[in-house]
Amino acid sequence: MIDVERARAETPGVANVAHLNNAGSALPAAPVHAAVVEHLELETAIGGYEAAAARADRIEHTYEAIATLLGCHADEIGVVENATRAWDMAFYAMRFGPGDRILTSQAEYASNYIALRQVADRTGATVEWIPEDPAGGVDVAALEGMLDERVKVVSLVHVPSHGGLVEPAAAVGALTRAAGIPLLLDACQSVGQMPVDVDEIGCDVLSATGRKFLRGPRGTGFLYVRRALIEHLEPPLLDLHAAEWLDDGSYRIRPDARRFENWECNYAAKIGLGVAVDYAMGWGLDAIRDRVVALATALRERLADTPGVTVHDVGREQGGIVTFSLAGTPSAEVAAALRSERVNVSVSPRSYSLVDFARRGLDDMVRASVHYYNDDEELDRLVAVTRRLRSRAGQSILS
Ligand SMILES: Cc1ncc(COP(=O)(O)O)c(C=O)c1O
C-alpha cells in the first residue's frame, strides 16, 4: 500500500498543481531533485570531469538500479538521452533485406513507425500490422499465425502513449521467444507505473525514458539488450566510448550495452535517474501499479458519468492513462481550461499514432495520466472543470 501522505510530502510540485500529465513528464520526488542539484553544484565547485570522477560510484549505481528494476544484468543496460534514441540505436542496428518482414502493432508510436518505414523502404523489407483484438490491443492468436522464418523482428509498444491499453506483452514474448524472433519492446510508458521484468515478458530489447512514470530527470532514457544479442547488433553510430581505436587502424566495439551510448552525457541527470529508479523500487512496483490502476479506474468512472464526455480507453488490461473528449469542445480548449485551474493534462494528437486514431475514427483526445501521488481531490477537480465547460458549452448553444 502506498502511503499517499508521504508520497505527496516528498513531491514538492503537488503544492502548485494537480499534475495529471505523468505520461508526459511526472513531478520528480524531492530526493531526485536533490541528487541532480547536488551534482550540478559539485560540477560548479570542482569541475565537470572531476565531479564525475568523484561520483563514479553513483554513476555506476544507475546501471545497477535499472538492472534490478528490469530483472537483468547491468552490462545489458545503456543509458542515453531519451527513449526514442534508445529504441533507434537498437532498431537501426538490425539487418534487413528484401522480403524480410517487420511486424508491428496498430498502436505503434509515430517515431517508431517512421523508423520502421524508413528502414523498410531502404532495404526492401515490409512493415505489416498485427490484427487487433476486438477488446483492443494486439490479437495474440493472429500474431501466432503471422510468424514465419521471414519475420525478423516484432515491435510492440507495451503501453501506447494515447490510452489506457496495456498490451499483452508477455503473451507476445512467449510467441516470439518460441519462434526465435527478437521482440523489441517500447516500454516508455510502462516502466515506473507497473512491474516490468524482461525475462517474464521475454523481450530481447527494451527502451524506456526517465521523465515519465519513473519520475526521473528530463533528457534521460535507457536501453536493455539481452546479452546474447548485444554482439550481433552493431550500433548505427559509434564513438570512442562505444568503440576503441586500435593500433592497426581498426576499431573494436565494446562488448556490453554501453556500445549504444555516446561519450558525453548529463551526469547530474544520470545520477538523478538512478535515484528515481531506487525511489520507485522503494515504493514497490506492485504497490505503484495497484494505486495507479485504482485511480485511473475511478477517473474513468467519474468521467463516464459526466454529460458530454466520451472515454476512449480500450484493452482487456488498462493502466494509468485516461483519454477522453468533450462533445462540442476541442481537446486543446479542454486542456487549456484545466491548466487555468492548475490541473495539468495533455492532448494526444492523431499524428502520434495515426493508424490507431484513423481506425477508431478519432481526432485528438484529452489525456489525463495519473500516478500514485495523485489523490481523489485532484481527480474531482478535473471532473468539476470538465462539467463546468460542458454546461457553459450547453448555455452558448441555447443562447
Ligand atoms: C509509447 C512511447 N514511446 C516512445 C516515446 C518517446 O519517448 P522520448 O520522448 O523519451 O524519446 C513516447 C513519448 O511520449 C511514448 O509515449
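The coordinates are above.
Draft legend 1. Summary view of the sheet that holds strand E11 (residues 309–311). Pairing within the open sheet is antiparallel, and its four strands lie in the order E11-E12-E15-E14. Edge positions in the sheet fall to E11 and strand E14 (346–348), since each of these pairs with one other strand and no more. Between one strand axis and the next, the sheet turns through 40 degrees on average, direction left out of account. Note: E14 against strand E15 (residues 365–369), three bridges, orientation antiparallel. Considered in E15, the bridge of Ser-346 is made with Arg-367. Relative to the sheet, helix H12 (residues 285–304) contacts E11, strand E12 (321–326) and E15, its axis offset from that of E12 by approximately 10 degrees.

Draft legend 2. Up close: the pattern of salt bridges. Within the structure shown, the criterion is met by 28 salt bridges. Across the pair Glu-10 and Arg-6 runs a salt bridge, and its minimum N-O distance is 3.1 Å. A relative accessible area of 37% places Arg-6 in the partly exposed class. Salt-bridge contacts for Glu-377 lead to Arg-381; the nearest nitrogen and oxygen are separated by 3.8 Å. Taken together, the residues Glu-377 and Arg-381, both in helix H15 (residues 376–398) and four residues apart, mark about one turn of the helix. Overall, Glu-377 belongs to the partly exposed group, its relative accessible area being 42%. On the basis of relative accessible area, Arg-381 is assigned to the partly exposed category, the value being 23%. Via salt bridges that share partners, Arg-101, Glu-128, Asp-148 and Arg-150 belong to a single interconnected network.

Draft legend 3. Focus on the site of the ligand. The environment of the ligand is made up of 13 residues, and the closest members are Thr-84, Ser-161, Asp-186, Thr-209 and Arg-211. The side chain of Asp-186 places a nitrogen or oxygen atom 2.6 Å from a nitrogen atom of the ligand. Residue Thr-209 places a side-chain N or O atom 2.7 Å away from an oxygen atom belonging to the ligand. When isolated, the ligand has an accessible area of 390 Å², and the protein chains bury 90% of it. Of the pockets mapped on this structure, the ligand occupies the largest pocket. Grouping the constituent residues of the shell around the ligand by class yields five nonpolar, five polar and three charged.

The rules behind these values
Residues numbered from 1 in each chain as written. Predicted model: local features only at pLDDT ≥ 70, side-chain atom pairs only at ≥ 80, totals over all residues. Heavy atoms only, no water. Pairing = 2+ DSSP bridges. Helix = DSSP H or I, 4+ residues; strand = E, 2+ residues; numbered from the N terminus. Axes fitted to C-alpha atoms, helices over the stretch in contact; angles between N-to-C directions. Contact = heavy atoms within 4.5 Å. Salt bridge = Lys/Arg side-chain N within 4 Å of Asp/Glu carboxyl O. Buried < 20%, exposed > 50% of the residue type's maximum accessible area, 1.4 Å probe, protein only. Near = heavy atom within 4 Å. Polar contact = N/O pair within 3.5 Å; in protein donor to acceptor, adjacent residues only side chain to side chain. Areas by Shrake-Rupley, 256 points an atom, 1.4 Å probe, with all protein chains shown as cover. 1 Å grid on protein atoms, 1.4 Å probe; cavity = no way out; pocket = protein on both sides within 12 Å on 5 of 7 lines; lining within 4 Å. Sits in = over half its atoms within 2 Å of the grid points. Nonpolar A, V, L, I, M, F, W, Y, C, P; charged D, E, K, R; others polar.

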